[in-house]
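# A look at the structure
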Amino acid sequence: MQKKDCFYLGKIVTKYSFRGELVIKLDTDEPELYANMDAIFIEMGSNLVPFFIERSLLQKGNQLRVKFEDVDSETDANALLKLDVYLPLNLLPKLEGNKFYYHEVIGFTLKDTKHGDVGTIVGINDTTAQPLFEVQQGAIELLIPMIDDFIKKVDRQNKTILVETPEGLIEMYLE
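Now for a description of the structure that goes with this document.

### Details of the overall build of the protein chain
Assigned secondary structure in the protein chain consists of two helices and twelve strands. Going from the N terminus to the C terminus, the protein chain shows its helices and strands as β-β-β-β-β-α-β-β-β-β-β-β-β-α. In terms of overall dimensions, the protein chain is more spread out than a globule: its C-alpha atoms have a radius of gyration of 20 Å, far above the 16 Å expected for 175 residues. Based on the C-alpha atoms only, the size of the protein chain along its principal axes is roughly 60 × 30 × 30 Å. Residues classed as buried in the protein chain amount to 39% of the 175 residues present. If you sum the accessible surface of the protein chain, you get close to 10200 Å²; carbon and sulfur atoms cover 49% of it.

### Some words on the pattern of salt bridges
Evaluated as defined, the whole model comprises 14 salt bridges. Notably, a salt bridge pairs glutamate 74 with lysine 15, separated by 3.0 Å at the nearest N-O pair. You can see glutamate 74 sitting in helix H1 (residues 74-78) and its partner lysine 15 sitting in strand E1 (residues 6-15), a full 59 residues away along the chain. The class for glutamate 74 is partly exposed, based on a relative accessible area of 38%. Among the residues examined, lysine 15 registers a relative accessible area of 27% and is labelled partly exposed.

### Considerations on the sheet that holds strand E5 (residues 63-68)
Reading around the circumference, E1-E2-E5-E4-E3-E6 is the order of the six strands in this closed barrel, with antiparallel pairing throughout. On average, each strand axis in the sheet is tilted by 45° relative to the strand beside it, whichever way the strands run.

### Things to note about the environment of phenylalanine 100
Topologically, phenylalanine 100 is positioned in the loop between strand E6 (84-88) and strand E7 (109-112). Each C-alpha atom, one on phenylalanine 100 and one on leucine 83, is 26 Å from the other, the two residues being 17 residues apart in sequence. Not counting residues up to four positions away in its chain, the partners in contact with phenylalanine 100 are Leu95, Val105, Phe133, Met146, Ile151, Val154, Arg156 and Ile161.

### Things to note about the pairing of E1
Examined bridge by bridge, E1 and E6 share five bridges and lie antiparallel to one another. Looking across to E6, one finds that glycine 10 is bridged to valine 85. Relative to strand E2 (residues 22-26), E1 is paired through five bridges, and the arrangement is antiparallel. Along E2, the bridge assignment pairs isoleucine 12 with isoleucine 24.

### Regarding the nonpolar core
One finds Ile40, Ile42, Phe68 and Leu80 to be the most contacted residues of the largest nonpolar core, which totals 22 residues. Leucine 80 has contacts with Ile12, Leu22, Ile42, Met44, Phe51, Phe68 and Val71, leaving out every residue within four places of it along the chain. Within the second largest apolar cluster, 18 residues are counted, among which are Phe108, Val135, Ile151 and Ile161.

### Digging into the packing of aromatic side chains
As enumerated under the stated definition, the model contains four aromatic pairs in all. Judged by centre distance (6.3 Å) and plane angle (55°), the rings of phenylalanine 7 and tyrosine 34 are tilted. Residue phenylalanine 7 is found in strand E1, and its partner tyrosine 34 is found in the loop between E2 and strand E3 (39-44); the two are separated by 27 residues along the sequence. A centroid spacing of 5.8 Å and a plane angle of 70° characterise the contact between tyrosine 8 and tyrosine 86, whose relative ring orientation is edge-to-face. Here the residue tyrosine 8 occupies a position in strand E1, and tyrosine 86 occupies one in strand E6, the gap between them amounting to 78 residues. Overall, tyrosine 8 belongs to the partly exposed group, its relative accessible area being 34%. Directly above the ring of phenylalanine 18 sits arginine 19, whose terminal nitrogen or CZ lies 5.6 Å from the centroid.

The rules behind the values
Chains are numbered independently. Their residues run from 1 in the order of the written sequence. Only residues with pLDDT of at least 70 are given local features in this predicted model, and only at 80 or more are side-chain atom pairs given and counted; all residues enter the totals for whole chains, interfaces and linings. With hydrogens and water set aside, each side-chain value is computed from the structure's full complement of heavy atoms. Secondary structure elements are taken from DSSP: a helix is a run of H or I of four residues or more, a strand is a run of E of two residues or more, and numbering for both begins at the N terminus. All radius of gyration figures rest on C-alpha atoms, and the globule criterion is 2.2 Å times the number of residues raised to 0.38. Relative accessibility decides the category of a residue: with a 1.4 Å probe and only protein chains considered, values under 20% of the type maximum give buried, values over 50% give exposed, and everything between is partly exposed. To be clear on the numbers: accessible area is Shrake-Rupley with a 1.4 Å probe, and residue cover counts the displayed protein chains and nothing else. The rule for a salt bridge is simple: a side-chain nitrogen of Lys or Arg has to be within 4 Å of a carboxyl oxygen of Asp or Glu. We call two strands paired when DSSP finds no fewer than two bridges between them. Fitted lines through C-alpha atoms give the axes, limited to the stretch in contact for helices. The angle between two N-to-C directions lies from 0 to 180 degrees. Here, residues are in contact when the closest pair of their heavy atoms is within 4.5 Å. What makes a nonpolar core is a set of buried Ala, Val, Leu, Ile, Met, Phe, Trp, Tyr and Cys residues whose side-chain atoms join them at distances within 4.5 Å. Put simply, two rings from Phe, Tyr or Trp (the six-membered ring, in Trp's case) pair if the centres are within 6.5 Å, and we call them stacked under 30 degrees between planes, edge-to-face over 60, tilted for the rest. Charge-over-ring contacts are defined here by two conditions on Lys NZ or Arg CZ: a distance within 6 Å of the ring centre and an angle within 35 degrees of the ring normal.

Keep in mind these values describe shape, not function.
Set out below in structure tokens:
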């Protein structure tokens, strides 16, 4: 399994017991969807290594306590601490309407109600307080805030997102 075929699920944050149990902090708004998994992939170096789950228990909102097969001691568990956890993309629940996964809209055309085609979404910047569409229009890169009120329609079939941006936002880049 390659990382490009997976999505980030969370990080192993702590040990739970001396018997090899670990706690994964899930990076999701719906942790209950991942409470009964059979296996996950753990990033070890540049590889994703499959680990099979003997048992798991959702606790404290987005924390999942897990017991992996063949991880039976504190020493075994220590080797997995602070590592990232992934699942195959095909296990992501399908989103509808104007909700989308960041990776899903890369390559979509961003259209504005006033300006028409703005450009192609080449990335999402989520390191700022408000996530931003990174849109390429020729040699110009535009950063458009991903605000729910701006997003009018996500059209998966035609690979477009229609936005209604405030006066002057797009013009600021094109002048």
